[in-house]
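Here's the letter readout for the chains.
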Amino acid sequence: MRTYQHILLAALFAGAAQTASAAPAASYAGQDGREIKALSAEDTQAFLSGKGMGLAKAAELNGYPGPSHVLGLASELGLTARQKQLTQALFAVMEERAVGFGRGLVEEERKLDRLFANKAITPELLTRSLARIGELQAKVREVHLATHLDQARILTPEQIAHYMQLRGYASAQATPGAEHHRH
């Protein structure tokens, strides 16, 4: 019986040692085939099509609705014809601006990727590239956040409160004051 236990223990230790020596899979495994390593295909498409990607959560979750969702809830919110028209126009301008900055951002990420892929990166090129990328990221986010500010001015405080409820933001009690309201 002791021999069986020794064999079992030896097998367990050998298996544990083999597992410990095997290299763990990298969290980036499979991403090396991406066109732009820093962006998934979904992220790239979202930037190129002006999608929000959660960039306006600071506004959305603090009582500043977004036009896309407002349009989707137009009936429930009781939008007037004028409010709907203003919201549609706001969305169109936001989308156009976000797409423009998004295209620029994707192109700058592509350039940075090429610099690394071609082993042509230098500290100076890295600094300049990151400055351009950072500026474009801020512009994309600003477009989305500013649009939420503008949307809040189109709705009444009651509509905003109802929007928050419809979106399931039970804990969000802050709504922009009536001084921002116009429609």
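Source: prediction; values computed, not measured.

Q: Where do I start with unusual backbone geometry in this structure?
A: What you tend to see is this: most non-glycine residues have negative phi, and most peptide bonds are trans. Non-glycine residue Met53 carries a positive phi angle of around 55°. Residue position: Met53 is located in the loop between α2 (41-49) and α3 (57-60). Here the phi dihedral of Lys119 falls at roughly 55°; this positive angle occurs in a residue that is not glycine. With respect to the secondary-structure elements, Lys119 resides in the loop between α6 (81-117) and α7 (123-154). Overall, the relative accessible area of 72% leaves Lys119 in the exposed class.

Q: Explain the layout of surface pockets to me, please; I cannot follow it from the model alone.
A: Left-over empty space is what a probe sized like a water molecule reveals as it rolls over the atoms. The computed volume of the largest pocket comes to approximately 370 Å³. If you go around the largest pocket, you meet 21 residues; those closest to its centre are Gly52, Ser68, His69, His144 and His148.

Q: Can you help me understand α7 in this one?
A: Along an α-helix, a turn takes 3.6 residues, which lines up residues three or four apart on a common side. In a regular helix each residue adds 1.5 Å, so 32 residues correspond to 46 Å; α7 covers 47 Å between its end C-alpha atoms and thus fits that length. By the burial criterion, the buried members of α7 are Ser129, Ile133, Leu136, Val140, Val143, His144, Thr147, His148, Gln151, Ala152 and Ile154.

Q: Which parts of the structure should I look at to understand the pattern of salt bridges?
A: Pairing of side chains with opposite charge becomes possible as their charged atoms draw close. Within the structure shown, the criterion is met by 9 salt bridges. Put simply, Arg110 and Glu35 hold a salt bridge, and the shortest N to O gap is 2.9 Å. Taken together, the residues Arg110 in helix α6 and Glu35 in the loop between α1 (2-21) and α2 connect sequence positions 75 residues apart. Judged by its relative accessible area of 58%, Glu35 falls in the exposed class. The shortest N-O distance in the salt bridge between Asp150 and Arg153 comes to 2.7 Å.

Calculation notes
Residues numbered from 1 in each chain as written. Predicted model: local features only at pLDDT ≥ 70, side-chain atom pairs only at ≥ 80, totals over all residues. Heavy atoms only, no water. Helix = DSSP H or I, 4+ residues; strand = E, 2+ residues; numbered from the N terminus. Buried < 20%, exposed > 50% of the residue type's maximum accessible area, 1.4 Å probe, protein only. 1 Å grid on protein atoms, 1.4 Å probe; cavity = no way out; pocket = protein on both sides within 12 Å on 5 of 7 lines; lining within 4 Å. Points joined across faces, edges and corners; volume = space filled by probe spheres on them. Expected span 1.5 Å × (residues − 1). Salt bridge = Lys/Arg side-chain N within 4 Å of Asp/Glu carboxyl O.

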